[in-house]
Amino acid sequence: MKQKHVNIPIFFPQRSCPHQCVFCNQQHISSRVHIPSTKEITHSIEQYLHTIPPETEVQIAFFGGTFTAMPLSEQEEYLQLVQPYIRSGRVQSIRISTRPDYIDNETLALLKHYSVLDIELGAQSTNDEVLRQSGRGHTQADIVNAATLIRRAGFRLGLQMMIGLPGDSAQRALHTAQTICDLGAHSTRIYPTLVVAHTPLAELWRKELYTPLSLEDALAWTAPVYQNFEQRGVQVLRVGLHPSSDLSNGALLAGPYHSSFKELLLSYVWLHIFKTNVQKSYETIHIEVAPAQLNFAIGHGGSNRKFLQTIAKHVVITAHAELSGYEFRMC
Ligand code: SF4
């Protein structure tokens, strides 16, 4: 059985996008980043394959833009291009990302024929007002329809969401996460909204018509969303920077960016657990957590240990192999 999973990403910046989503800067980037030629795609795949160890599950991932908005003949051209890698067993399957309003049975039949396994939809929100204010050009009904067709056709469904879009709230974000689970998503990605140069959102921000979340609020909104996915068994593939955001050359104007956003988030979850469960004043606190959680329980830069030190003189946090998830023991 293959152990690790690796994606070989092929980027089509804003290719065939029918709308300008307010937060997306791929339109700007695409003037500098071109669509790769078939020769460049095969060259890139070969280079990746040289570095991937055996016993790895490999997927070719067509990211960026709206794959299924391309004419069927173009979609087929790209899918055919990578078939030799599937037939030879060097690559196991294909992943594509697209929009909810560009899924129909004809397209799904084509994707199925060419070994596409995962279809990721940029849902972003399941609230129609948030979708409208974000210039998405589709509704919640499109998300439900596409998710239903994708699952019925036997694909693995990914539904990406954003936190803090115009019109969003903590309750709406959590409702989006719950709907993503209800729709049977296999995986998700969570992107806090950032204000990036050369986007409609940057204009709204300049005119003071949009205020991005603070880092603290972004963590507070994202924590219940993340825990909801964990509890419902939806794999969180990424938390943090949206891949459409080119932050080089001062492109980031405002918003809750942190290079270790996921680490901060998991530290925040543990801080909440400690605040809820550790209330008395102690001389010494010894807390045991699952090995995988040790760094997050201690907190980013030791922040949770520092909080506990306001409660007890001596704080010891160690790992215990018998514990898992957010289980902990305190003595
Ligand atoms: S967010 Fe996705 S659908 Fe919207 S413009 Fe960017 S690449 Fe296209």
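Structure: above.
Remember, it's a predicted structure, so these values are computed and weren't measured experimentally.

## Some points on the overall build of the chain
Of regular secondary structure, the chain possesses 13 helices and 12 strands. In summary, the chain has a C-alpha radius of gyration of 22 Å against a globular reference of 20 Å for 331 residues, a match within 12%. Along the first, second and third principal axes, the C-alpha set of the chain runs to 70 × 55 × 40 Å. Taking all 331 residues of the chain together, the buried fraction comes to 40%. For the chain, restricting intrachain contacts to residue pairs at least 6 apart in sequence, the fraction spanning at least 24 positions comes to 78%.

## Here's the deal with the sheet that holds strand β6 (residues 187-192)
In spatial order, the strands read β1-β2-β3-β4-β5-β6-β8; together these seven strands make up an open sheet with parallel pairing. Strand pairing shows two members of the sheet lacking a second neighbour, β1 (4-11) and β8 (235-239), which therefore form its edges. When the angles between neighbouring strand axes are averaged without regard to direction, this sheet yields 25°. Where strand β2 (residues 56-63) lies against strand β3 (residues 93-98), four bridges are found, and the strand directions are parallel. Opposite phenylalanine 62, over in β3, you have isoleucine 96 as the bridge partner.

## Details of the packing of helix α8 (residues 170-182) against helix α10 (residues 215-232)
Close contact between α8 and α10 brings their axes to 9 Å; oriented N to C, the two are set at 15°. By the angle class used here, α8 and α10 are roughly parallel. Where α8 crosses over α10, the handedness of that crossing is right-handed. Across the interface between the two elements, Ala170, Ala173, Leu174, Ala177, Gln178 and Cys181 from α8 touch Trp221, Pro224, Val225, Asn228, Phe229 and Arg232 from α10.

## A few points about the site of the ligand
Lining the immediate surroundings of the ligand are 11 residues, of which Gln14, Cys17, Cys21, Cys24 and Gln26 lie closest. Class assignment for the residues of the shell around the ligand results in three nonpolar, seven polar and one charged.

## A word on the nonpolar core
One finds Ile60, Ile119, Ile150, Leu159, Ile180, Val225 and Leu265 to be the most contacted residues of the largest nonpolar core, which totals 79 residues. The dominant element in this core, judged by the number of residues it contributes, is helix α11 (residues 261-277), at nine residues. When we break this core down by domain, the ones giving at least three residues each are domain 1 (4-258) and domain 2 (266-330). Not counting residues within four places of it along the chain, the set of residues in contact with leucine 159 comprises Leu121, Ala123, Ala147, Ile180, Leu183, Ala185 and Thr188.

## What to know about helix α2 (residues 38-51)
Taking 1.5 Å per residue, 14 residues should reach 20 Å; α2 reaches 21 Å between its end C-alpha atoms and fits that length. Of all 14 residues that make up α2, one are buried, and the element is exposed over most of its length.

About the thresholds
- Residues numbered from 1 in each chain as written.
- Predicted model: local features only at pLDDT ≥ 70, side-chain atom pairs only at ≥ 80, totals over all residues.
- Helix = DSSP H or I, 4+ residues; strand = E, 2+ residues; numbered from the N terminus.
- Rg over C-alpha atoms; globule rule 2.2 N^0.38 Å.
- Buried ≥ 20, exposed ≤ 12 C-beta atoms within 10 Å, placed from the backbone.
- Contact = placed C-beta atoms within 7 Å.
- Pairing = 2+ DSSP bridges.
- Axes fitted to C-alpha atoms, helices over the stretch in contact; angles between N-to-C directions.
- Parallel < 35°, antiparallel > 145°, perpendicular 65-115°, else oblique.
- Left-handed = near helix turned anticlockwise from the far one by under 90°.
- Near = placed C-beta within 6 Å.
- Nonpolar A, V, L, I, M, F, W, Y, C, P; charged D, E, K, R; others polar.
- Core = buried A, V, L, I, M, F, W, Y, C linked by C-beta atoms within 7 Å.
- Domains from an automatic or database assignment.
- Expected span 1.5 Å × (residues − 1).

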